[in-house]
Amino acid sequence: MSNDNTPSPIPAFGLGTFRLKGQVVIDSVKTGLELATAPSTRPRSTATKPRWARPSPKAAWRAASCCVTTKIWTDNYAKDKLVPSLKESLAKLRTDHVDLTLIHWPSPGNAVPVAEFMGALAEAKAQGLTRRIGVSNFNIALMKEAIAAVGAAQIATNQVELHPYLQNRKVAEFAQSQGIHITSYMTLAYGKVINDPAIEAIAKAHGATTAQVVLAWAMQLGYAVIPSSTKRANLEGNLKARQLRLSDAEMAQIAALDRGERLTDPAGLSPAWD
Ligand SMILES: NC(=O)c1ccc[n+]([C@@H]2O[C@H](COP(=O)([O-])OP(=O)(O)OC[C@H]3O[C@@H](n4cnc5c(N)ncnc54)[C@H](OP(=O)(O)O)[C@@H]3O)[C@@H](O)[C@H]2O)c1
């Protein structure tokens, strides 16, 4: 979080917490913050003494210059529900605002029109509850509706499943053409790509891990990544992907792995994908 009124760009590297619960998620976030603010990994300009152990999450995030993202669940898209639901999330997070708030999935059965929930999300931003707004799991048609509702400049990101086995190129190309940043979720395909032979060969050539290769590939394409891990060694190794640069030939080898394999498709929530 920054203290002026200009939202910082979407960070290229984030930490996902989906599926993690209780002490496991607390430990993962604490370790992630500790590693991200360690002298060897933090950028000079934001060098800050790690303060994550203090009781307030807000203080810890500020100390780490973090961007905190939350999402609105599908039950709360109506214009009279969205802002109260975000306020409830802020209370749980013990903060008065977050850096980014996303619409989690398209409205099931289009029950709440895109214009209604994007308008409510823009209102939440105008109230200072979130510095930026965005969407998740939106196909091109839905992105067009969201743009018509609030303008492309308001939409910071579209967070979509994107990994070597599902490269989602049409969605990414359209988003990027509109200046909407792509955030790749499940970049590691929930661990499935870790043992891919082509990626293993690239990793070997660089003395890197396969996870680092995949994360570097996505960041090199201009996407933000938000891998999750419960293990300190993996959290630490993943962060180092920021220093890895792949050749054009290696990028092409990973591009060839696309097989349209979608791993997340909750019944009734996914749009028809492009
Ligand atoms: N918008 C949406 O609808 C949506 C949907 C799904 C996910 N997401 C977001 O995306 C984030 C990431 O997705 P995800 O957690 O489902 O999948 P992921 O990041 O692709 O994979 C996480 C899995 O990979 C393993 N892993 C992580 N680093 C590793 C490494 N260096 N070597 C070997 N294994 C490694 C983890 O195991 P260990 O714990 O053992 O390291 C975990 O099992 C979520 O936390 C969530 O924030 C968003």
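In this text the structure is predicted, and so the values were computed from the model without any measurement. (Residues numbered from 1 in each chain as written. Predicted model: local features only at pLDDT ≥ 70, side-chain atom pairs only at ≥ 80, totals over all residues.)

### Topic: the overall build of the chain
As a reminder, the rule being used: Secondary structure follows DSSP: runs of H or I at least 4 residues long count as helices, runs of E at least 2 residues long count as strands, and numbering of each begins at the N terminus. To sort residues by exposure, count the other C-beta atoms lying within 10 Å of each residue's C-beta; 20 or more gives buried, 12 or fewer gives exposed, and values between give partly exposed, all with C-beta atoms placed from the backbone.
Scanning the chain for helices and strands turns up ten helices and six strands. Across the 274 residues in the chain, those meeting the buried criterion constitute 38%.

### A closer look at the nonpolar core
Heads up, the rule is: Buried Ala, Val, Leu, Ile, Met, Phe, Trp, Tyr and Cys residues form a nonpolar core when they are connected through C-beta atoms within 7 Å. By the criterion used throughout, residues are in contact when their C-beta atoms, derived from the backbone, lie within 7 Å.
Membership of the largest hydrophobic core comes to 64 residues, with the highest contact counts inside it found for Phe117 and Val214. Apart from the residues lying within four places of it in its own chain, the contact partners of Val214 are His163, Pro164, Thr187, Leu188, Val193 and Ile199.

### Some words on the confidence of the model for the chain
Selection criterion: Residue-level confidence of the predictor is what pLDDT reports, using numbers from 0 through 100.
Mean pLDDT for the chain: 90, with 88% of residues reaching 70 or above. A low-confidence stretch, residues 42-55 (pLDDT under 50), is modelled with 23 contacts involving residues beyond four sequence positions or located in other chains.

### Quick notes on the sheet that holds strand 2 (residues 98-103)
Rules: A strand pair is defined by DSSP finding two or more bridges across the two strands.
If you trace the six strands from one edge of the open sheet to the other, you get 1-2-3-4-5-6, paired in parallel fashion. The open sheet has two edge strands, strand 1 (69-72) and strand 6 (224-225), and neither has a second partner. As paired strands, strand 2 and strand 3 (residues 130-136) are joined by five bridges and run parallel to one another. Across the sheet, the residue bridging to Leu100 is Arg132, located in strand 3.

### Details of the packing of helix 8 (residues 210-220) against helix 9 (residues 232-239)
Here is the rule: In this analysis, axes come from line fits to C-alpha atoms, helices being fitted only over the stretch in contact, and the angle between any two N-to-C directions falls in the range 0 to 180 degrees. Our angle categories are set so that under 35 degrees counts as roughly parallel, over 145 as roughly antiparallel, 65 to 115 as roughly perpendicular, and the remainder as oblique. Each crossing gets its handedness from the near helix: less than a right angle anticlockwise from the far helix is left-handed, clockwise is right-handed. By the convention adopted, Pro, Cys, Tyr, Trp, Phe, Met, Ile, Leu, Val and Ala count as nonpolar, Lys, Arg, Asp and Glu as charged, and the other residues, Gly among them, as polar.
Between helix 8 and helix 9, the shortest axis-to-axis distance is 9 Å and the interhelical angle comes to 40°. One element, helix 8, and the other, helix 9, form an angle in the oblique class. Viewed along their axes, helix 8 and helix 9 form a crossing whose handedness is right-handed. Here Ala211, Gln212 and Leu215 of helix 8 lie close against helix 9, whose contacting residues are Asn234, Gly237 and Asn238. Here the residues of the contact of helix 8 with helix 9 are counted per class, giving two nonpolar, four polar and no charged.

### Details of the pairing of strand 5 (residues 181-185)
This is how the line gets drawn: For the handedness criterion, the strands are oriented away from the viewer, and a crossover whose path from the first strand over the helix to the second runs clockwise is classed as right-handed.
In terms of residue burial, strand 5 counts as a mostly covered element, since four of its five residues are buried. The pairing of strand 4 (residues 155-161) with strand 5 spans five bridges and is classified as parallel. Of the residues in strand 5, the one forming a bridge with Gln159 is Thr183. Read from strand 4 through helix 6 (residues 169-177) to strand 5, the crossover connection turns out right-handed.

### Notes on the environment of Glu123
With respect to the helices, strands and loops of the structure, Glu123 is situated in helix 4 (residues 114-126). Each C-alpha atom of the pair Glu123 and Leu82 lies 9.5 Å from the other, and the pair is 41 residues apart in sequence.

### Section: unusual backbone geometry
Residues other than glycine seldom take positive phi values, yet Met186 does so here, at roughly 55°. Its location among the elements puts Met186 in the loop between strand 5 and helix 7 (197-206). We classify Met186 as buried; it has 24 C-beta atoms within 10 Å. Of note, Ala189 is a non-glycine position whose phi angle comes to about 50°, a positive value. Structurally, Ala189 can be placed in the loop between strand 5 and helix 7. With 18 C-beta atoms counted inside 10 Å, the residue Ala189 sits in the partly exposed group.

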